[in-house]
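# Commentary on secondary and tertiary structure
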Amino acid sequence: MSKNKTTGHKAAHSSQRKKEVEARSCIRYRCGLTNTIQDVLNHRPGWVEVKDDAEWDFNWCDVGWLRENFDHSYMEEHVRICHFRNHYELTRKNLMVKNLKRYRKTLEREVGRLEAAKCDFFPRTFELPSEYHIFVEEFKKSPGNTWIMKPVARSQGKGIFLFRKLKDIIDWRKDGSRSEEQKDEAQVESYVAQRYIENPYLIAGRKFDLRVYVLVTSYIPLKAWLYRDGFARFSNTRFSLSSIDDQYVHLTNVAVQKTAPDYDPEKGCKWQMQQLRWYLTAKHGFETVQTLFKEIDNVFIRSLLSVQKTIINDKHCFELYGYDILLDQDLKPWLIEVNASPSLTASSQEDYDLKYRLLEDTLHIVDMEGRLTGKEKRIGGFDLMWNDGPVYTDVGLEALGSSCLVANTHLGCVNDREKQLQQLLKPFPGQKKT
Amino acid sequence: MMDESTELSVSITQIVQRLKGTHLHSQLEKQAKECLHKPEIKLETLKDDVRRVLKASGWERKLQNAVYRELHVLPPPGHPRAPPEHTKEPLAYMLKAQASWEKRILKSLNSMCTELGIPLARKRPVMEQKELTNKWNEMGTDEPDLSNFRPVYAPKDFLEVLIGLRNPNTERSDDLTVKSHWGLIQVSLNVHDIPQMRETYAELGLSYGQLGIDDHTHVPPDLFESEHIHIGKKVVSEQDSAAAQQYSRQGCPTGLRAQLWSLILNTTNDPEDITHYEQLKARVIHHNLLVDNLIYKDVKLTASNDDYYFVFEDYLYQVLLCFSRDTAVLEHFNYNSASPPKSSIQSKSGSEQCAVVYPPNGVIPFHGFSMYVAPLCFLYNEPSKLYSVFREMYIRYFFRLHSISSHPSGIVSLCLQFERLLQAHLPQLFYHLREIGAQPLRIAFKWIVRAFSGYLSTDQLLLLWDRILGYNSLEIVAVLATAVFAFRAENLMEVTSLASAEAVLADLSTLKVMPLLQIFLFATSI
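Model, not experiment: these values are computed from the prediction.

Moving on: the interface of chain A and chain B. Facing 22 residues of chain A, the contacting portion of chain B comprises 28 residues. In total, chain A and chain B occlude about 2,200 Å² of area from one another, counting both sides; carbon and sulfur atoms represent 55% of this. Together, A204, R238 and W278 of chain A form the three largest contributors to the area buried by chain A at its contact with chain B, with a combined 30%. Where chain A touches chain B, the interface holds one salt bridge. Taking the shortest distance from any N to any O, the salt bridge between E287 of chain A and K233 of chain B comes out at 3.8 Å.

Written out as structure tokens, the structure is:
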């Protein structure tokens, strides 16, 4: 990994950015969604919404709009849009698996087994129908294991089911249990079959997964930020392998939980990441949890590196990913999936506040106002995780003296972003510093 | 009055009596017998050699811890001719008030039982027993119809009783003078003021490091945190109960807290403890008690609706249902002003009524009771371990929060202390609140009764409970209540009604307890 030696480039970057920004007195934005992001954009000083065919400087669009319009839009230097053209290389389950497998092979060839093993955070996955035969081979190797079938392009838990016998999916392939909706679709839908993690880490008998936010502002070179806040989503019912038909037990998406019979919207099924980290520390001790979170960082970094050469890099693009991570009983993190459009709708006031802060800080990093130098390692609740190479905190180097390097990520740690932002950022043009 | 040496020998006798026949005793005997086989044991110096071996293998330390634990629950020494009630509570009027409160609660329980036509206790049919055994780990999924059950009492009912307490020996003047007490508690007890507390709680002072203050992100860990954790690890490896208690005064590191608390409380998870728990579980399976429904209702209303604790719902049932049936808890009534409630139950032959303790552990749960257990779920996830820790915490501390007594950690003293501190150090605020009909205790009482569980964020709550264990007293709870008022004084001065005062103090989840305590105790001018 090359170290970041392009400081000259950075200085040029920030002065150029300033030039880009100076000309404008306000920032025109387009927003295709009607949830939290709408509020954040609305409240940002100097930002004005534009609609229809008007020219825009910033676009928070949905992936549908992107697909239809990106290729036909001309974007000036300063313009920013919230997706990469072919983000689906990372977010579609079959493509992600393909890219990760390829990257792993490259690592094994070029560096060695140990390094390649760092990519083993993805459960064995096969694309169907194309990889059906190798899937069957693997399936037969370990009889009795549970597998999960997921449609490649859907979200919110739709179309997912569990199975243990080949017979179950042979029946399914014969259109036995597919819904009307699916039969009408012109295209053949791809699925992935994935080894189901049968020993998830449970808290009080309940399964949970983690939602973590990662912001990528560039793929070449790779620059990624990790947000300190996030949450753990609990399944409303107790985990047991005996009832694989009960999708409410196994799927922890809030969207699915909302339809479960004993779902009580008053009852939160979420814990803040800080709460989870604190709980795990109380149970397993500081060092174990420190190691766990390092391994989680590894999941983000490797998955992004695996698509680095495939994603069409474009300086206009940035993307806020929602990573879903599952922990098993040995405290090993597994990557479930990556979302390019993580839900920004809030399920509670607390949830709204979290997403508001997250989006606000995202906009700070995108820096339409040109207030940053480009050298920052932390902006609000985001810590710079990868900058064409690993990023280390300054504290580690000073206090310990020796070559003990501490990673610059703080997932689940204290998020005193307001204080940090006050010290870091100049006020908006026309706004007095409070 | 006994002199000190007599007191000491009485205590020693009592402790020896209590430890005789315990599992520890038989283990020590076994160990002593086994080490006779060792070559280094010589007949001439048998006693010393055996002692040495037991010390080296850690058994002396275990005995030390057990003795230390007994000292905590030993009733205070009294006059040899004083009746046993005196040990429970020396002030007659308090004892009487507690007895009449108990009568009321029991009456309420019995009338609920008659109204609903549900027996106080009922043997479960075999089918039901099987079902419950299968469901043991997920009782929270049950949705029984609890609409007819009401909690036997809520903290505010208890507050009214405390407000009505009067010492028949004092002359009361109804005129409000500067010297009179402005608060609701109208009895006089000896409570500490700030100068006295500065001595008692010296380790919370500004020159000592604290977890909850000096482990903040901006403070470099080498200043205090790293060293403190290092010492904590040593304390745990030494397995020294007394040292752990002293250590806890400056806070327990998150990663060590479970072990440290267990050490301070001297709770073990030996096969004997697990068996005891399993026996209690068996009792739950065999019999249904009316109070079980009260427990269900309480958990559903409080812990299940809490953002932090909803996950642990199942554990709470597993602990509280067993707790109700644990007759070992009855022991604590020796030093509790309360007495176990007795109910009439048909004897087996059906011909007579006999009085039995009901529920078996003598503790009738009230609204919010499950919140004593909930925070512990963050530290212990084996039910038997969680159970042991909770039970010990209950019989050392929590029981004092809902029985009327003159004990310095009793609820009456805590309320009085809160009011006195507030009146002495924030008189303007107290006066203002009184004038607008917002007596401070009406707001703070619910925090005190629950030792702040459910009001503070969990990490802050456990830092507070570290100090309760460290100082072996609930006094710090009263101090925190005052400190909270002090912190929000500015806003409270602006309110004009009880409702708005409640609103200002409704959300304590962002408070950091140690800075508040430290500032109040050590930076208030006196």
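This part is about the sheet that holds strand 4 (residues 80-81) of chain A. Residue and element names in this part refer to chain A. Pairing is parallel across the open sheet formed by four strands, whose spatial order is 2-1-3-4. A single partner strand is all that each edge strand has here, and the edge strands are strand 2 (47-49) and strand 4. Pairing of strand 1 (residues 27-31) with strand 2, which is carried by three bridges, proceeds in the parallel orientation. Following the sheet pairing, I27 is matched in strand 2 by W47. Packed on one face of the sheet, helix 2 (residues 36-43) meets strand 1, strand 2 and strand 3 (58-60) and runs near 170 degrees to strand 1.

Turning our attention to the packing of helix 17 (residues 411-425) of chain B against helix 19 (residues 440-449) of chain B. Two packed helices can be described by the angle between their axes and the distance between those axes. Residue and element names in this part refer to chain B. At a closest axis distance of 11 Å, the pairing of helix 17 and helix 19 adopts a crossing angle of 135 degrees. Between helix 17 and helix 19, the crossing angle belongs to the class labelled oblique. Where helix 17 crosses over helix 19, the two elements pack in a sense that is right-handed. Taking contact as the criterion, the partners of I411, L414, C415, F418, E419 and L422 in helix 17 are, on helix 19, P440, L441, A444, F445, I448 and V449.

This next bit is on the sheet that holds strand 7 (residues 161-163) of chain A. All names here are of chain A. If you trace the four strands from one edge of the open sheet to the other, you get 5-8-6-7, paired in antiparallel fashion. A single partner strand is all that each edge strand has here, and the edge strands are strand 5 (125-128) and strand 7. Between one strand and the next, the sheet's axes are offset by a mean angle of 25 degrees, whatever the strand orientation. Here four bridges tie strand 5 to strand 8 (residues 191-195), and the two strands are oriented antiparallel to one another.

Take the pattern of salt bridges next. This structure, assessed with the given rule, holds 44 salt bridges over all chains. The closest approach of N and O atoms between E55 of chain A and R28 of chain A, which form a salt bridge, is 3.9 Å. Of this pair, E55 of chain A sits in the loop between strand 2 and strand 3 while R28 of chain A sits in strand 1, placing them 27 residues apart in sequence. Judged by its relative accessible area of 52%, E55 of chain A falls in the exposed class. A network of salt bridges, in which partner residues are shared, links R18, R69, E70, E331, E392 and R396 of chain B.

What counts and how
Residues numbered from 1 in each chain as written. Chains lettered and ligands numbered in written order. Predicted model: local features only at pLDDT ≥ 70, side-chain atom pairs only at ≥ 80, totals over all residues. Heavy atoms only, no water. Contact = heavy atoms within 4.5 Å. Buried area = accessible area lost by both parts, 1.4 Å probe. Salt bridge = Lys/Arg side-chain N within 4 Å of Asp/Glu carboxyl O. Pairing = 2+ DSSP bridges. Helix = DSSP H or I, 4+ residues; strand = E, 2+ residues; numbered from the N terminus. Axes fitted to C-alpha atoms, helices over the stretch in contact; angles between N-to-C directions. Parallel < 35°, antiparallel > 145°, perpendicular 65-115°, else oblique. Left-handed = near helix turned anticlockwise from the far one by under 90°. Buried < 20%, exposed > 50% of the residue type's maximum accessible area, 1.4 Å probe, protein only.

Taken by themselves, the reported measurements are silent on function.
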